[in-house]
Amino acid sequence: MNRRFHKMHGLGNDFVVVDAREDGFAFDAAGARAVADRRTGVGCDQLIVVGPATGADVSMRIWNADGSEVEACGNATRCVAALVGRDCTIDTPGGLLRATLTGEGVAVDMGAPRFGWNEIPLAYAMDTAAMPVGWGPLETPFAVNVGNPHVVFFVDDVEAVPLDELGRGIETDPLFPERINVNIAQVIDRRTIRSRTWERGVGLTRACGTGACAVAVAAIARRLADGPVTIHLPGGPLAIDWTPGGSILMTGPATHVFTGELDAELLRA
Ligand SMILES: N[C@@H](CCC[C@H](N)C(=O)O)C(=O)O
């Protein structure tokens, strides 16, 4: 039997969203890879399954294009709220999130960031606010877990960094036992930052919502910026607010692109 899906975007971060609130249908790694494959499947950065929940309005599961199941996806969280069509709570593997529909998009309370080396996680103890490590021109990153693991490198010009060449080596470095999302950030002024992300399990994407949260937290914690900060990603801007000790608030658009059907063959992958 074919299954309906929604192609949705969060600033060009590209999702296949399956609404399984009625039957709780789920994928496995092979099924997720088959759907995400841009040659033989539908193609997406992440496969998202919205399911029933206890203690929340809905649940959300997230698979990267390589089939890895992960804890958080900021851009897809806004898409799920837009699909639900009202303010809602969303149970994710990274924690319970609250989403509010605004006039122009969706605001999500992404919870409090975590900074402990074993909470990122890293393979061994070190200062996560200025890690004494480097890969080529990228040095001394800030590490933070915003539901999923990120490092942020501050650079002079995000366009000048060959993130396509450096990303995979950093993502898979043994220093990161669960791999890592890699962000580069250029501070324009205290309320404006440009950023690009190499996503764990995907590669370069047009936008990464949790990446934008990580960049804003890193910039505010290093006293390079003040919240609220606008993070300019290749796919467009996201507003992020955070006060040390508090939760991260992410506000941005969620776009419904089209509705389609997953071929039954793909579901048997
Ligand atoms: N696109 C996402 C992040 C998706 C998960 C990430 N690749 C990971 O492996 O943690 C976002 O908008 O946050």
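Our structure's up above, just so we're on the same page.
Residues numbered from 1 in each chain as written. Predicted model: local features only at pLDDT ≥ 70, side-chain atom pairs only at ≥ 80, totals over all residues.

Visitor: In this structure, what is going on with the packing of helix α2 (residues 74-84) against helix α4 (residues 209-221)? I would like to understand it.
Guide: For any two helices packed against each other, the geometry is given by the interaxial angle and the distance between the axes. Contact pair α2 / α4: the axes reach a minimum separation of 5 Å and the direction vectors enclose 125 degrees. What the angle tells us is that α2 and α4 run oblique. On α4, the residues that touch Gly-74, Asn-75 and Thr-77 of α2 are Gly-209, Thr-210, Ala-212 and Cys-213. Across the contact of α2 with α4, the residue classes break down as two nonpolar, five polar and no charged. (Axes fitted to C-alpha atoms, helices over the stretch in contact; angles between N-to-C directions. Helix = DSSP H or I, 4+ residues; strand = E, 2+ residues; numbered from the N terminus. Parallel < 35°, antiparallel > 145°, perpendicular 65-115°, else oblique. Contact = placed C-beta atoms within 7 Å. Nonpolar A, V, L, I, M, F, W, Y, C, P; charged D, E, K, R; others polar.)

Visitor: Explanation requested: the pairing of strand β4 (residues 58-64) in the structure shown.
Guide: Along any regular strand the residues' side chains alternate between the sheet's two faces. Within β4, seven of the seven residues are buried, leaving the element largely enclosed by the surrounding structure. Neither face of β4 is open: one carries Val-58, Met-60, Ile-62 and Asn-64, the other Ser-59, Arg-61 and Trp-63, and all of them are buried. Of the strand pairs in this sheet, strand β3 (residues 46-51) and β4 are connected by six bridges, and their pairing is antiparallel. When the bridges of β4 are listed, Ile-48 appears paired with Ile-62. The hairpin turn running from β3 into β4, its antiparallel successor, is six residues long, and Gly-55 in that turn takes a positive phi close to 85 degrees. (Buried ≥ 20, exposed ≤ 12 C-beta atoms within 10 Å, placed from the backbone. Pairing = 2+ DSSP bridges.)

Visitor: How should the pairing of strand β17 (residues 236-242) be read in this particular structure?
Guide: The pairing of strand β16 (residues 229-233) with β17 spans five bridges and is classified as antiparallel. Each bridged residue has a counterpart across the sheet, and for Thr-230 the counterpart in β17 is Ala-239. From the end of β16 to the start of β17, which pair antiparallel, there are two residues. Across four bridges, β17 lies against strand β18 (residues 248-252) in antiparallel orientation. Looking at the pairing, Ile-240 lines up with Met-250 of β18. Linkage of β17 to β18, two consecutive antiparallel strands, is achieved through a turn of five residues, within which Gly-245 is found at a positive phi near 95 degrees.

Visitor: Just checking my understanding: could you explain the site of the ligand for this structure?
Guide: What surrounds the ligand is a group of 17 residues, the closest being Asn-75, Asn-148, Arg-200, Gly-209 and Thr-210. For the shell around the ligand, the elements supplying multiple residues, two or more each, are α2 and α4. A per-class count over the shell around the ligand returns four nonpolar, ten polar and three charged. When residues of the shell around the ligand are sorted by domain, at least three fall in each of domain 1 (3-103 + 254-267) and domain 2 (134-246). (Near = placed C-beta within 6 Å. Domains from an automatic or database assignment.)

Keep in mind these numbers describe shape, not what the thing actually does.
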